Amino acid sequence: AHSERKQIEETLRKSEEKYKLLAENSADLIYKISLENGQCTYASPSAERMIGYTAEESLSLSVLDILTPESYAKQQERLLKTLESGQTVSEMLELEAIHKDGRILPIEINANFILDEQGNPVEILGVARDITARKTVEKALQESERKYQDLYDNAPDMFVSVDANRKTVLQCNRNFVEAIGYKKEEVIGRPVFDIYTPDSAERAKSTIFPMFLKTGLIDGEELQLLRKDGNIIDVSLNVSAIRDANGNIVESRSILRDISKQIEMKKDREKLILHLQEALKEIKALRGILPLCSFCKRVRDDQGYWEQVDVYILKHSLADISHSICPKCTKEHFPHFDISDD
């Protein structure tokens, strides 16, 4: 029995040495807190690196000395809920610790209760980790996301993200909803084809979307959006694909640019070209042979009517007519008028 007890004691000693070795060389702060008075009863050497206090100095500290008032209240609330639920393991918490030099640093703790022989919790055994670096990265990511969202919402073009499987709108920017006259909540979740006129929707379903699923790209397709008030907006559509780890298209990112003014200018240009072509035809008609009466000098038009030459020219050219009298006719019709006079 004596040798058996010695063997158990030796096993316990070796086990304690291993745990002590782990605790003293851990990068995280391992600590114990008394539930009776909130005093620190153990702190690993990493306390000095994390909060500036040596392990010995830490033993004189209470939880209130280490945590900010807000974090202390948060921890106490969580401990109380854990005790009331009868659990012995507290959830992971993000708190703020006070460094010896006064700095506030973010930490993450994970704690368990140490029970006495009757099963009552008497101490807290916790592990604290400095998450300053992680918080810095998270803040940078949040700032990057904020800037991206700001650019997305305020872009001069219309942005729409679509679920490639359900073909429903996932996200859209402010310019898009303002352009089509809907509220954002009226658009999110709707089938993307609902935003187009019937003809454009049919073309998008039968041609453009299948092409996108095949190539992952749409460049400069012209379609028409249908506003809530029934008006139509001509747009140029550009789409790129978002793929999963297996290369499957899961989302489309669409950019729609309002080209209504360009379309209107194109129509006006086509009308002008047509007008010029018709005018050119009229001008060319005068270069042919004109049926001119030998006596009255009238001209026969295409409908068979006879018109004076000046009237015909006015109708079939861009020339203006100015009437005058030649010297020969002046002598014949006005013999008393001397054309040599000033």
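Our subject is the structure that appears above.
Since this is a predicted model, take the numbers as computed values, not measurements.

1. Describing empty space enclosed by the protein
Applying the stated criterion to the full structure yields two cavities of 30 Å³ or more. Considering only enclosed or pocket space, the largest cavity measures out at about 190 Å³ in volume. If you trace the largest cavity, you find 17 residues lining it, with Tyr196, Phe209, Leu237, Val239 and Ser254 closest to the centre. When residues of the lining of the largest cavity are traced back to their parent elements, those giving at least two are strand 6 (158-163), helix 9 (198-215), strand 8 (217-226), strand 9 (232-243) and strand 10 (249-258). Broken down by element, the lining of the largest cavity gets its largest block of residues, four residues, from helix 9. A per-class count over the lining of the largest cavity returns 15 nonpolar, two polar and no charged.

2. With respect to the layout of surface pockets
If a probe as big as a water molecule is rolled over the atoms, it shows which places are left empty. Within this model, the largest pocket holds a volume of roughly 450 Å³. Surrounding the largest pocket, 29 residues form its lining, Ile33, Gly38, Val63, Leu67 and Gln75 being those nearest its centre. Counting only elements with at least two residues in the lining of the largest pocket, the list comes to strand 1 (29-34), strand 2 (40-43), helix 2 (46-51), helix 4 (63-66), helix 5 (69-85), strand 3 (93-98), strand 4 (104-115) and strand 5 (121-130). Take the lining of the largest pocket: its biggest share by element is six residues, from helix 5.

3. What about a nonpolar patch on the surface?
Taken together, Ile325, Phe334 and Phe337 make up a surface patch of nonpolar side chains, about 310 Å² in accessible area. As for its position among the elements, Ile325 is in the loop between helix 11 (309-316) and helix 12 (327-333).

4. What about the sheet that holds strand 10?
Strand order in the open sheet made by the five strands is 7-6-10-9-8, with antiparallel pairing throughout. A single partner strand is all that each edge strand has here, and the edge strands are strand 7 (169-172) and strand 8. Strand-to-strand twist in this sheet, taken as the mean axis angle between neighbours without regard to direction, amounts to 30 degrees. For strand 8 and strand 9, the ladder comprises eight bridges, and the chain directions are antiparallel. When the sheet's bridge partners are listed, Leu226 is paired in strand 9 with Ile232. Here helix 9 sits on the sheet and contacts strand 8, strand 9 and strand 10; the angle it forms with strand 8, its principal contact strand, is near 160 degrees.

5. Quick notes on the pattern of salt bridges
Applying the stated rule across the entire model yields 16 salt bridges. In this structure, Asp28 and Arg129 form a salt bridge, with 2.7 Å as the shortest nitrogen-oxygen distance. Of this pair, Asp28 sits in the loop between helix 1 (2-24) and strand 1 while Arg129 sits in strand 5, placing them 101 residues apart in sequence. Judged by its relative accessible area of 14%, Asp28 falls in the buried class. We classify Arg129 as partly exposed; its relative accessible area is 43%. Across the pair Glu221 and Arg203 runs a salt bridge whose closest N-O atoms are separated by 2.4 Å. With Glu221 in strand 8 and Arg203 in helix 9, the pair connects residues that are 18 residues apart, well separated along the chain. On the basis of relative accessible area, Arg203 is assigned to the partly exposed category, the value being 34%. Sharing partners across several salt bridges, the network here consists of Glu94, Glu108, Arg134, Lys135 and Glu138.

6. With respect to the pairing of strand 2
Direction of pairing for strand 1 relative to strand 2: antiparallel, over a ladder of three bridges. By the bridge assignment, Ile33 is partnered in strand 2 with Cys40. Between strand 1 and strand 2, which follow one another and run antiparallel, lie five residues, and Gly38 among them has a positive phi close to 75 degrees.

7. A short note on unusual backbone geometry
Of note, Lys167 is a non-glycine position whose phi angle comes to about 60 degrees, a positive value. Take Lys167: it is sitting in the loop between strand 6 and strand 7. Assessed through its relative accessible area of 29%, Lys167 is described here as partly exposed.

8. Re the sheet that holds strand 2
Two pairing modes exist for strands in a sheet, parallel and antiparallel, and in both the strands are linked by backbone hydrogen bonds. Sheet architecture is open: five strands sit in the order 2-1-5-4-3, paired in antiparallel fashion. Strands with a single pairing partner mark the edges of an open sheet, and in this sheet they are strand 2 and strand 3. When strand polarity is set aside, the average angle formed by the axes of neighbouring strands in this sheet is 35 degrees. The sheet contact formed by strand 3 and strand 4 spans six bridges and is antiparallel. Note that in strand 4 the partner of Ile98 across the bridge is Ile104. Packed onto the sheet, helix 5 meets strand 3, strand 4 and strand 5 and runs at close to 140 degrees relative to strand 3. The sheet strands contacting helix 6 (residues 132-154) are strand 3, strand 4 and strand 5, and the helix crosses strand 4 at an angle near 125 degrees.

The rules we used
Sequence order as written defines the numbering, with residues in each chain counted from 1. Whole-chain, interface and lining totals are the exception, using all residues; otherwise, since this is a predicted model, local features are given only for residues with pLDDT of at least 70 and side-chain atom pairs are given and counted only at 80 or more. Computation of side-chain values covers all heavy atoms of the structure but excludes hydrogens and water. Residues are called lining when one of their atoms sits within 4 Å of a cavity or pocket point, these points coming from a 1 Å grid over the protein atoms alone, where a cavity is a set in which a 1.4 Å probe fits but cannot get out and a pocket is an open set with protein on both sides within 12 Å along at least five of seven lines. Grid points are joined across faces, edges and corners, and a volume is the space filled by probe spheres set on the points. By the criteria applied, helices consist of DSSP H or I runs no shorter than four residues and strands consist of E runs no shorter than two, each listed in order from the N terminus. Three classes are used: nonpolar for Ala, Val, Leu, Ile, Met, Phe, Trp, Tyr, Cys and Pro, charged for Asp, Glu, Lys and Arg, and polar for all others, with Gly counted as polar. The patches described consist of residues with a relative accessible area above 30% and no salt bridge, like charges being joined within 9 Å and nonpolar side chains (Val, Leu, Ile, Met, Phe, Trp, Tyr) within 5 Å. Per-residue and other accessible areas follow the Shrake-Rupley method at a 1.4 Å probe size, with only the shown protein chains counted as cover for residues. Note on definitions: salt bridges are taken to be side-chain nitrogens of Lys or Arg within 4 Å of carboxyl oxygens of Asp or Glu. Strand pairing is assigned whenever DSSP identifies at least 2 bridges connecting the two strands. Axes here mean lines fitted to C-alpha atoms, for a helix over just the part in contact, with angles spanning 0 to 180 degrees between N-to-C directions. Throughout, a contact is declared for two residues whenever any of their heavy atoms are within 4.5 Å. Type-normalised accessible area, obtained with a 1.4 Å probe on protein chains alone, sets the label of each residue: buried when under 20%, exposed when over 50%, and partly exposed for intermediate values.

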